[in-house]
Amino acid sequence: MASDSEAMARPANLTLYSYYWSSCAHRVRIALNLKGLEYEYKAVNLSKGDQFDPDGDVVVADSLAIILYLEDKYPQHPLLPQDLKKKAINLQVASIVSSSIQPLQSFFTRQFFEKRISLDEKLTSSQNHVNKGFAAIEKLIKEIAGKYATGDEVQLADVFLAPQIFAGVARFQIDMSLYPTLTRLNEAYAELPAFQAALPHRQPDAPSTS
């Protein structure tokens with residue numbers, strides 16, 4: 001019989017409702033990988049609204065809420081530092097990405113403007129929002145960054161930055177030379193198995209390239 005502590009440390013049956021190209025799901029996959037948590041991947045079709053009909057005893061929506069839930073429940077590989085200043089910066093980076101950048105270039109926002117503006121205007125609008133966010137983050141972390149965003153340990157800021165940088169380059173042709181700190185961090189993420197396994201093209205619902 002396991003003790004309470006052992007029972008708490010044992011992962012529950014985790015299910016991630018995910019779309020391979022979603023940067024929100026991408027960051028949750030990274031967090032799960034970093035914490036060494038096994039989970040069932042259930043692909044959803046965003047255009048059909050599949051994500052609005054999950055099931056389970058505990059259902060948590062919103063990537064930041066999900067990651068903070070995992071942080072509290074599974075303390076291995078902590079994503080938030082004890083240092084209060086660094087903790088605040090990690091949360092600030094996560095907030096900039098999840099509330100200032102991602103919603104304005106999300107699937108639903110772009111879909112809304114699909115028939116209202118041209119493709120070039122839509123791309124320019126998305127680039128503007130991403131560039132504003134990246135400029136703010138570059139300024140915020142350039143003096144504190146180590147190997148990773150807030151030092152030499154992978155933390156919450158990195159979990160949020162990696163998918164947004166990936167989307168910025170792959171989807172919106174962002175000129176990363178404008179952001180030397182973010183560029184260096186992105187190179188470091190490319191060396192981390194937990195980050196590489198979470199990439200969109202490595203998910204089971206990603207289109208075949210063959």
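The rules behind each value
Residues numbered from 1 in each chain as written. Predicted model: local features only at pLDDT ≥ 70, side-chain atom pairs only at ≥ 80, totals over all residues. Heavy atoms only, no water. Helix = DSSP H or I, 4+ residues; strand = E, 2+ residues; numbered from the N terminus. Buried < 20%, exposed > 50% of the residue type's maximum accessible area, 1.4 Å probe, protein only. Contact = heavy atoms within 4.5 Å. Areas by Shrake-Rupley, 256 points an atom, 1.4 Å probe, with all protein chains shown as cover. Pairing = 2+ DSSP bridges. Salt bridge = Lys/Arg side-chain N within 4 Å of Asp/Glu carboxyl O.

Draft legend 1. Highlighting the overall build of the chain. For the chain, the count of helices and strands is nine helices and two strands. Each helix and strand of the chain, placed in order from N terminus to C terminus, yields the pattern α-β-α-β-α-α-α-α-α-α-α. Within the chain, the proportion of its 210 residues that are buried is 40%. When contacts within the chain are restricted to residue pairs at least 6 apart in sequence, those whose partners lie at least 24 apart make up 75%. Carbon together with sulfur atoms contributes 53% to the accessible area of the chain, which is approximately 11700 Å² in total.

Draft legend 2. Structural detail: the pairing of strand β2 (residues 40-43). One ladder, built from four bridges, connects strand β1 (residues 15-18) with β2; its direction is parallel. The residue bridging Thr15 from the neighbouring strand is Glu40, located in β2.

Draft legend 3. Looking closely at the pattern of salt bridges. With the rule as written, the count across this model stands at one salt bridge. With a closest N to O distance of 2.8 Å, Lys35 and Glu71 form a salt bridge. Note that Lys35 is positioned in the loop between α2 (23-34) and β2 and Glu71 in helix α3 (residues 63-73), a separation of 36 residues in sequence. Accessibility classification places Lys35 together with Glu71 in one group, the buried group.

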